[in-house]
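The residues making up each chain are set out below.
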Amino acid sequence: MNESIEYLVAAILVVLLVSLTVSTLIPMALQRTTYLSESHLQTEAEKIANQLLLNPGDPADWGVTANSSSDIKAIGLALDGGEPYELDINKLIRLCESSINEITEKEQIDLENVSKLLGIYGKYGLSIRLTPVLNVSVQQISNDIYEVTVTTHEDLPVTNANITAIRVTAYVNNTCGETIITYIEDDAEATTDYNGKATLTFSQLQEEEIGSLIIIYVDFYGIRSVFSHIDEEEELYGVIIGNALYVGHLNETELEDTNSSKTKKGKPKNPGGGAIFPYPAALLVTPTGLEKTMLFEGKLLPITPPGSARPYYKFELNELENEAVMIVFTIKNRGRYRVVVARRAYNELNLDLSPLASSLVARGAHIRRIVKVSGFLYYFDLTLWRIVEED
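Residues numbered from 1 in each chain as written. Predicted model: local features only at pLDDT ≥ 70, side-chain atom pairs only at ≥ 80, totals over all residues. Heavy atoms only, no water.

1. Some thoughts on the nonpolar core
Then, in step 1: Core analysis: the biggest nonpolar cluster contains 80 residues, and Leu52, Leu245, Phe329, Phe380, Leu382 and Leu384 have the highest contact counts within it.
Then, in step 2: Here the element with the most residues in this core is strand β12 (residues 276-286); it accounts for seven residues.
Then, in step 3: With residues up to four places along the chain from it excluded, the contact list for leucine 382 reads Ala45, Ile48, Ala49, Leu52, Leu126, Ser127, Ile128, Ala365, His366 and Ile367.
Then, in step 4: Counting residues in hydrophobic clusters, the runner-up holds 19 residues, among them Val136, Val148, Ala165 and Ile216. (Core = buried A, V, L, I, M, F, W, Y, C linked by side-chain atoms within 4.5 Å. Buried < 20%, exposed > 50% of the residue type's maximum accessible area, 1.4 Å probe, protein only. Helix = DSSP H or I, 4+ residues; strand = E, 2+ residues; numbered from the N terminus. Contact = heavy atoms within 4.5 Å.)

What follows is the structure in structure tokens.
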């Protein structure tokens, strides 16, 4: 009887010991597997970030020369011949501007194409965010007074940042059947206070002005940023690729519902409808100031692509270098003059390759680097996550 009890107690102890061992080892094994998986994902994210940020790709100038993704052998965003972590703005424009499909002979290279060129499509999801190291916002107080706020990426106020602003106002003069566009520049300077705010006061505008915008340069001990603010919603726009400026048409719905035709960057989704006529006088915005230029001379005719594609204008500008950040010009549409800005420096870029509809998303790996674009510093944030197929 005693022996039976001893055997039973021994068996219970063995079962408890085995159970305790299994319950301890399995979580440790799962934790180890999870750690290895996350470590592998972080390694993949590092490889992808290095490929995009340190390599120009093949061809090295694909941002200008490639018409579609089929012309690109290897993807990379680095500026050919530039410094480490200096990115080519033309390649970023090819990634972010959906209007390229509408008003140029080229195609947008979106993140889906990027993922396919990287060999990760269907296996990993990818998002890229580009934000200035210094964030700038503008609030109009009155017709001639503006408040500028400068913050860090963490939304902390930046004190003692030097603000140099140029308000560009366009005027039209019709004399002897000839239309002349004149741009008047008005400068203002200020320094941010402890709240990161500064007040800019400009001269009073004349009543016959047709539009104005403000170019704001911020310098915080060598860290620079550029920002543009236009008093009214931009209803058409241009795209700069290399030394070419492409100008598209208004969206038909733009005149009816402003919000419905805007993308995240505040631009029309589908330019078209309503013939436009650009005027030759223009201003080139560089990291150091404004330069006068001419878009064209003589008679101007739009380019009409075959099929149902909408007509567009293309201007070759020899002085348009990689560091030019914007072009300001004037067009006439439906009897109204409008000041137009074609940007090469964006206040923020968000590129996101959403996971497939039939997939689940595992936790991701995040990479952050500081990069230079057109002479200004940005945070480059890359997030990579594994796509898990549903059963």
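Continuing now.
2. Some details on the sheet that holds strand β6 (residues 178-191)
The strands making up a sheet associate through backbone hydrogen bonding, with each pair oriented either parallel or antiparallel.
Then, in step 1: Taken in spatial order, the four strands make up an open sheet running β6-β5-β8-β9, and their pairing is antiparallel. Edge strands, defined here as strands with exactly one partner in the open sheet, are β6 and β9 (223-230). With strand direction ignored, the average angle separating the axes of adjacent strands in the sheet is 15 degrees.
Then, in step 2: Sheet topology places strand β5 (residues 162-175) next to β6; 14 bridges connect them, and they run antiparallel. Across the sheet, residue tyrosine 171 finds its bridge partner in β6, namely threonine 182. (Pairing = 2+ DSSP bridges. Axes fitted to C-alpha atoms, helices over the stretch in contact; angles between N-to-C directions.)

3. A word on the environment of glycine 57
Then, in step 1: Its place among the elements puts glycine 57 in the loop between α1 (2-54) and α2 (62-65).
Then, in step 2: For the pair glycine 57 and aspartate 80, spaced 23 residues apart in sequence, the C-alpha separation works out to 8.7 Å.
Then, in step 3: The contacts of glycine 57, once residues within four sequence positions are left out, are Trp62, Ala74, Ile75 and Gly76.

4. Regarding the pattern of salt bridges
Then, in step 1: Under the defined criterion, the tally for this structure stands at nine salt bridges.
Then, in step 2: In this structure, lysine 47 engages glutamate 44 in a salt bridge whose closest nitrogen and oxygen atoms are separated by 3.9 Å. Taken together, the positions of lysine 47 and glutamate 44, both in helix α1 and three residues apart, correspond to about one turn of that helix.
Then, in step 3: Residue class for lysine 47 comes out exposed when judged on its relative accessible area of 52%.
Then, in step 4: Given a relative accessible area of 18%, glutamate 44 falls into the buried group. (Salt bridge = Lys/Arg side-chain N within 4 Å of Asp/Glu carboxyl O.)

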